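Breakdown of the fold
Given next are the chains, with one letter for each unit.
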Amino acid sequence: MKTKLPALPLALLFVISAAAQTTSHFDGQTWWDHIKVLADDKLEGRDTGSPGERAAQAYAIEQLKNAGAAPAGTDGFYQPVKFVSRQIVEKDCSFTLVRDGQREPLTLGEDAIIGTRVMPARKVEAPLVFVGYGLQVPEKSYDDFAGLDIRGKIVVIFSGSPSEIPGALAAHYQTAAQRWKVLRAAGAIGTISLINPASMDIPWSRIALNRAHPTMDLDYPEFHETEGAKFTATVNPASAEKLFAGSGHTFAEIAALGKDRKPLPHFPLAVSLEARTKVEVTKVRSANLVAKIPGTDPALKDEYVVLSAHLDHVGIGEPVNGDRIYNGAMDNGSGSALVLDMAASFKKNPEKLRRSILLVLVTGEEKGLLGSKYFSAHPTVPPKSIVADVNTDMFLPIVPLKLLTVLGLNESDLGDQVREVAESLGVQVQPDPEPLRNLFVRSDQYNFIRHGVPSVAMSFSPDPESPEQKKLFKDWLTYRYHAPSDDVNQPVDLAAAAKYEEIVRALLISVANDEKRPQWKPDSFFRRYAQTP
Ligand SMILES: [Zn+2]
């Protein structure tokens, strides 16, 4: 199915597609109708803590109530969450490279972006050392820091991982918390990230536009994971040679090796950094939404299968083609709408559920998976009662559903259940084909995993034999992902979306009614989180 389809009236589009793909509980239309509300310009892109997000939450609660789902937050459907918001004041910031007393100021936005997820120190001066992928992975006896002195220095990291480290493991060790543990132990005071040009989802120009957005963090000391970090920044690949001049190496050489996940060298850079920063900090409040579809088995009804999706998006930002509203129709109006549809489907066609289903619409995903981080640390049901998380985020029904990529497919027997359910509906599954993009840690399932809960997230994949479909997905990421054009004026395949919903529904029922709760595979790295008390 091509991008031309939306020129047809949607109703007609659905009739055509429905003939080819049978589903029984969903028609795609209610899903799209929810998205039309959530991604309306009036909701202004649902930024965390914004009036638009509050309106989206009110809409979701109304729908959950209509569907007969029970409130399961701490305040009705709500679980309040507190944030700090950090806004960089770029005119009062600088980023200068110093070589033999010669100063070379970089242009903020064009050459580099100063990060605020870590609160930067007002003033930083430090030598720079290139540490390759900047990873320490004890399971694979891999250590980019062996023999390097990084005490008091800022490490320059090439994003990505060597091929000897499996994708999920590499993704885990690239999270800010894991990375910083290693860096702090070794005495580093900050990081400069070099984007791997081979895994850039969106062009630098749009990354640079997004820097005007404030960042957020959870406003609770228990979540402070980057103690001691004084500076973080990201450098434009097109400007990265400036850091390597005089080092005996080039960025081109590093990028060529990193593209194929080959080993990278480690060496001190010939430049040091001088930076000045100013950040304004404010407090923000938002909430997760939690609802329950109760199970009936006396022994199992107090166990929960979580269906999660983030309701927030990135809000209003720099205009692209004159449009300032980042509507977030697919990211993640699509997953939120699915959760609402799911609740309604269980009202319309009640199922005998042994375990209960917990519907969790989190906030702050776009700010760094913050709402789910809070929820998984402070669930509104007993922590041990959560048996699985099925997360839905931007699953992209832009082609007919033939192939699903399942993050976490081989980590737990929840993955086996996905395979069974999908194949019974004629859909093939595959593990993440692009480990470089780190998708495994880039949505809310990851916080459940860190608390020992077997989790999966599924999304549409292009037919590997179809260059046309591959281009469709690539173009989507380039032009619509985190752009104002991720709105309701884009082509979607409603029948394919309905089929995806059918798979999620069948999976939830399968997990809810299975005799045993899902288990991590014995060889899964993530099993360790289930074993720590
Ligand atoms: Zn997003």
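Since the structure is predicted, the reported quantities are computational estimates derived from the model, not experimental observations.

On to the overall build of the chain. The number of helices and strands found in the chain is 15 helices and 22 strands. A globule of 533 residues ought to have a C-alpha radius of gyration of about 24 Å, and the chain, at 23 Å, matches this closely. In terms of principal-axis extent, the alpha carbons of the chain reach across some 75 × 50 × 45 Å. Scored against the burial criterion, the 533 residues of the chain give a buried share of 58%. Of all intrachain contacts in the chain linking residues separated by at least 6 positions in sequence, the fraction that spans at least 24 positions is 84%. Carbon and sulfur atoms provide 53% of the accessible area of the chain, an area that totals close to 21,200 Å². With 59 positive and 65 negative side-chain charges, the chain shows a separation of 3 Å between the mean positions of the two kinds.

Protein ligation of the zinc ion involves Asp-331 (OD), Glu-366 (OE), Glu-366 (OE) and His-482 (NE2), the donor distances falling in the range 2.0 to 2.3 Å. Geometry at the zinc ion is irregular, judged from the four donor atoms that bind it and their angles of 58 to 144° at the metal. Overall, Glu-366 belongs to the buried group, its relative accessible area being 13%.

Moving on to the nonpolar core. Among the nonpolar cores identified, the biggest contains 74 residues, and Trp-31, Met-330, Leu-404 and Met-458 are the most heavily contacted of them. With 12 residues, the single largest contributor to this core is helix H14 (residues 494-513). If sequence neighbours within four positions are ignored, Met-458 has contacts with Val-390, Asn-391, Phe-395, Leu-404, Thr-405, Val-406, Val-418, Tyr-500, Ile-503, Val-504 and Leu-507. Counting 54 residues, the second-largest nonpolar core is a separate cluster that includes Ile-154, Ala-168, Tyr-173 and Leu-264.

To continue, consider the pattern of salt bridges. Overall, the coordinates contain 20 salt bridges when judged by the stated rule. Two residues, Lys-242 and Asp-111, come together in a salt bridge whose shortest N-O distance is 3.6 Å. Of this pair, Lys-242 sits in helix H7 (residues 241-244) while Asp-111 sits in the loop between strand S4 (102-105) and strand S5 (112-114), and the two are 131 residues apart along the sequence. Between Glu-303 and Arg-517 there is a salt bridge, and its shortest N-O distance comes to 3.7 Å. Taken together, the positions of Glu-303 in the loop between strand S14 (279-293) and strand S15 (304-310) and Arg-517 in the loop between H14 and helix H15 (527-531) put the pair 214 residues apart, joining distant regions of the chain. Residue Arg-517 is classed as partly exposed on the basis of its relative accessible area, which comes to 29%. In this structure, a network of salt bridges that share partners links the residues Lys-91, Asp-92 and Lys-278.

Moving on, we get to the packing of helix H9 (residues 329-348) against H14. Interhelical geometry of H9 versus H14 gives an angle of 60° and a closest axis separation of 11 Å. By the angle between their axes, H9 is oblique relative to H14. Pair H9 / H14 crosses with right-handed handedness. Only Tyr-500, Glu-501, Val-504, Arg-505, Leu-508 and Ile-509 of H14 make contact with H9, whose side of the interface consists of Ala-337, Leu-338, Asp-341, Met-342, Ser-345 and Phe-346. Residue composition of the contact of H9 with H14, by class: eight nonpolar, one polar and three charged.

Glancing now at the sheet that holds strand S12 (residues 231-235). Taking strand neighbours across the sheet as the criterion, the eight strands line up as S4-S3-S13-S6-S9-S10-S12-S5 in an open arrangement whose pairing is mixed. Edge strands, defined here as strands with exactly one partner in the open sheet, are S4 and S5. When strand polarity is set aside, the average angle formed by the axes of neighbouring strands in this sheet is 30°. Summarising the sheet, strand S6 (residues 123-130) and strand S9 (residues 154-158) pair through three bridges and their orientation is parallel. Opposite Leu-128, over in S9, you have Ile-154 as the bridge partner.

Another aspect to go through is the environment of Val-182. As for its position among the elements, Val-182 is in helix H5 (residues 176-186). Taking relative accessible area as the criterion, Val-182 reaches 16% and is therefore assigned buried. In this view, Val-182 contacts Gln-136 and Phe-145; residues no more than four positions away in its chain are not counted.

To continue, consider the packing of aromatic side chains. Applying the stated criterion to the full structure yields 20 aromatic pairs. Ring geometry for Phe-158 against Phe-251: centres 6.1 Å apart, planes inclined by 55°, an arrangement best described as tilted. Of the two residues, Phe-158 sits in strand S9 while Phe-251 sits in helix H8 (residues 251-259), which places them 93 residues apart along the sequence. Note on accessibility: Phe-158 and Phe-251 belong to one class, buried.

Take the confidence of the model for the chain next. Per-residue confidence for the chain gives a mean pLDDT of 92, with 95% of residues at or over 70. Taken as a whole, residues 1-22 scores under 50 in pLDDT and shows 27 contacts with residues more than four places along the chain or in a different chain.

Checked against the element boundaries, Phe-130 lands in strand S6. A relative accessible area of 0% means that Phe-130 is categorised as buried. Sequence spacing of Phe-130 and Val-156 is 26 residues, and the spatial spacing of their C-alpha atoms is 4.6 Å. Once you skip the residues sitting within four places of it in the chain, Phe-130 turns out to touch Leu-148, Val-156, Phe-158, Leu-194, Phe-244, Ile-254, Leu-264, Pro-265, His-266, Phe-267 and Leu-269.

So, about the pairing of strand S10 (residues 190-194). For S10, a buried count of four out of five residues is recorded, marking the element as mostly surrounded by other parts of the structure. In the sheet, S9 pairs with S10 via five bridges, with the strands oriented parallel. Bridge assignment links Val-155 to a residue of S10, and that residue is Thr-191.

Further remarks concern the environment of Pro-71. Topologically, Pro-71 is positioned in strand S1 (residues 70-71). Pro-71 sits in the partly exposed class, given a relative accessible area of 49%. For the pair Pro-71 and Lys-292, spaced 221 residues apart in sequence, the C-alpha to C-alpha distance is 6.3 Å. Leave out the neighbours within four places in its chain, and Pro-71 touches Gly-76, Phe-77 and Val-290.

Attention now goes to helix H11 (residues 413-424). The terminal C-alpha atoms of H11, which comprises 12 residues, lie 17 Å apart, in line with the 16 Å expected from a rise of 1.5 Å per residue. All of the buried residues in H11 are Leu-414, Gly-415, Gln-417, Val-418, Val-421 and Ala-422. All buried residues of H11 fall inside an arc of 155° around its axis, so they share one side. Projecting away from the buried face of H11 at angles above 90 degrees are the exposed residues Glu-420 and Ser-424. The inward-facing, buried residues of H11 contact strand S19 (386-391), strand S20 (403-407), strand S21 (428-430), strand S22 (455-460) and H14. The backbone nitrogen of Leu-414 has a side-chain oxygen 3.2 Å away, supplied by the residue at the start of H11, namely Ser-412. After H11 finishes, the residue Gly-426 shows a positive phi value of roughly 80°.

The rules we used
- Residues numbered from 1 in each chain as written.
- Predicted model: local features only at pLDDT ≥ 70, side-chain atom pairs only at ≥ 80, totals over all residues.
- Heavy atoms only, no water.
- Helix = DSSP H or I, 4+ residues; strand = E, 2+ residues; numbered from the N terminus.
- Rg over C-alpha atoms; globule rule 2.2 N^0.38 Å.
- Buried < 20%, exposed > 50% of the residue type's maximum accessible area, 1.4 Å probe, protein only.
- Contact = heavy atoms within 4.5 Å.
- Areas by Shrake-Rupley, 256 points an atom, 1.4 Å probe, with all protein chains shown as cover.
- Lys, Arg positive; Asp, Glu negative; His and termini not counted.
- Charge placed at Lys NZ, Arg CZ, Asp CG, Glu CD.
- Donors = N, O, S within 2.8 Å, 3.2 Å for Na, K, Ca; no water.
- Tetrahedral: all angles 85-135°; square planar, octahedral: opposite > 155°, others 65-115°.
- Core = buried A, V, L, I, M, F, W, Y, C linked by side-chain atoms within 4.5 Å.
- Salt bridge = Lys/Arg side-chain N within 4 Å of Asp/Glu carboxyl O.
- Axes fitted to C-alpha atoms, helices over the stretch in contact; angles between N-to-C directions.
- Parallel < 35°, antiparallel > 145°, perpendicular 65-115°, else oblique.
- Left-handed = near helix turned anticlockwise from the far one by under 90°.
- Nonpolar A, V, L, I, M, F, W, Y, C, P; charged D, E, K, R; others polar.
- Pairing = 2+ DSSP bridges.
- Phe/Tyr/Trp six-rings, centres within 6.5 Å; stacked < 30°, edge-to-face > 60°.
- pLDDT = per-residue confidence, 0-100.
- Expected span 1.5 Å × (residues − 1).
- Arc of directions from axis to C-beta.
- Polar contact = N/O pair within 3.5 Å; in protein donor to acceptor, adjacent residues only side chain to side chain.

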